[in-house]
Amino acid sequence: MAVYSVRRILWESYPILVVAAFISLSAGLILDSQIESIKAIPLILWMIIPLNGINNNVCSILGSRLTSALHMGTVAKFRGDKVLGRNMRATWLMSFGVFWFTSGIFFGVSLIAGMDVFRALLLMFAFFAASMVAIAVTMFCTIALAFISFRKGLDPDNVVIPVVTSIGDVVGVLCLIIAVKLIMGV
Amino acid sequence: MPRSVVNVKAVVMQGLAVLVICAIIEIIAGNFLEKLKESLTVTIPVLIVMIPPLLALRGNINGALASRLGTALHTGVIEAKISFSGELKTNLTASLILSFLASATIGILSAVVGALVGKTVNFASILGIAIIAGMVSGIILAVLTVVIAVTSFRKGWDPDNITAPLMATIGDLVTMVSIFLVVIVGA
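A few points on the structure. (Residues numbered from 1 in each chain as written. Chains lettered and ligands numbered in written order. Predicted model: local features only at pLDDT ≥ 70, side-chain atom pairs only at ≥ 80, totals over all residues.)

**Description of the overall build of chain B**
If you tally the helices and strands in chain B, you get six helices and zero strands. In chain B, the succession of helices and strands from N to C terminus is α-α-α-α-α-α. Each principal axis of the C-alpha distribution contributes one length, and for chain B these read about 60 × 40 × 25 Å. By residue count, 47% of the 187 residues in chain B fall in the buried class. (Helix = DSSP H or I, 4+ residues; strand = E, 2+ residues; numbered from the N terminus. Buried ≥ 20, exposed ≤ 12 C-beta atoms within 10 Å, placed from the backbone.)

Given below as structure tokens:
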């Protein structure tokens, strides 16, 4: 008897992929509506993939750690929980480190692209601010979804991660566009 | 045994090393998107709308494939050598069919939504880019996923902290390069 069947994998995965696609599509629509800002600062395009990619990685790691901890019974409730608190602190510290690194690289990229030092610094700050806000919001969604999926018995790998990463896409695009608009004035 | 269940310092140090490598790969992927700025902002309307869903799709399909393979390896359903056995074949076939169906769905959705918000949409080129880029990256990544899942199982890498982020990141790069090539060759 085969363990896996093509039909079953398709049947279980396709609906959630379409839901995730719909959510990510709104991130695309937000980008499309801001095409003038992107023309003014094309580096936005370059920044959006690392911002969303890292945000998704960090929150997927947190999501898997939390769902594993929930299944082993080391995390039980939302408030005053040490394991949850430590996981959140670890996630926060990792994001802080990796986004400083990425922001530094974008400072260099902006200079090479011919931006003056002051504007390159502003853009670097906009990227860093956007990523920190995006991480905070997506982290909150991850924790909430991990608990909800555990209570409702949804599969963490097939449901929580796709939905979290798609929400992360929308949050990341929104934060980057707002930060660049506010700080760079385009 | 460590005193606490979660050792913040160990998690952060291991996680940071992986994330910095991922960040470098993501920055290279981002550069390909920036190179497409003419197509994205001027020549191919609506293309930008489907970039986030196409990237997300890759991560989702291969993330699920990697975690199914990881489970299968740990339970002995699939052996830790690269051979095209029955269960592996089923998993790969399912992932490729999913890639095709979901890429086409994203192409159609993007074109329809684009038309609804009043863009002039070249339906054929949007659908073509979605399906061809989706399938090219899907095939490359299916192979890479199997290789990485087996390698990480053999080397004992943590599937949550190392394999999953690495897969998602390589997925972004391969998908971005595929979209880039399809747009450049098609134009």
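**Notes on the overall build of chain A**
Each helix and strand counted, chain A has six helices and zero strands in total. Ordered by position from N to C terminus, the α and β elements of chain A give α-α-α-α-α-α. Seen through its C-alpha atoms, chain A measures out along the principal axes to roughly 65 × 40 × 25 Å. Within chain A, the fraction of its 186 residues that count as buried is 50%. Contacts in chain A between residues far apart in sequence, at least 24 positions, make up 78% of those at least 6 positions apart. (Contact = placed C-beta atoms within 7 Å.)

**Quick notes on the interface of chain B and chain A**
With 59 residues of chain B at the contact, the number on the chain A side is 61 residues. Mapped by element, the contributors of at least two residues to the side of chain B that touches chain A are helix H1 (8-35), helix H2 (37-43), helix H3 (51-75), helix H4 (86-116) and helix H6 (159-186) of chain B. When residues of the side of chain B that touches chain A are assigned to their parent elements, the largest contribution, 16 residues, is made by H1 of chain B. When its residues are assigned to classes, the side of chain B that touches chain A shows 36 nonpolar, 17 polar and six charged. (Nonpolar A, V, L, I, M, F, W, Y, C, P; charged D, E, K, R; others polar.)

**Considering the nonpolar core**
Grouped together as the largest cluster of nonpolar side chains are 111 residues, with contacts concentrated most on Ile-44, Met-47 and Leu-176 of chain A together with Leu-54 of chain B. The biggest single contributor to this core is helix H3 (residues 43-72) of chain A, with 15 residues. Leave out the neighbours within four places in its chain, and Leu-176 of chain A touches Ile-44, Met-47, Ile-48, Leu-51 and Ala-130 of chain A. (Core = buried A, V, L, I, M, F, W, Y, C linked by C-beta atoms within 7 Å.)

These values are about where atoms sit, not about what they do.
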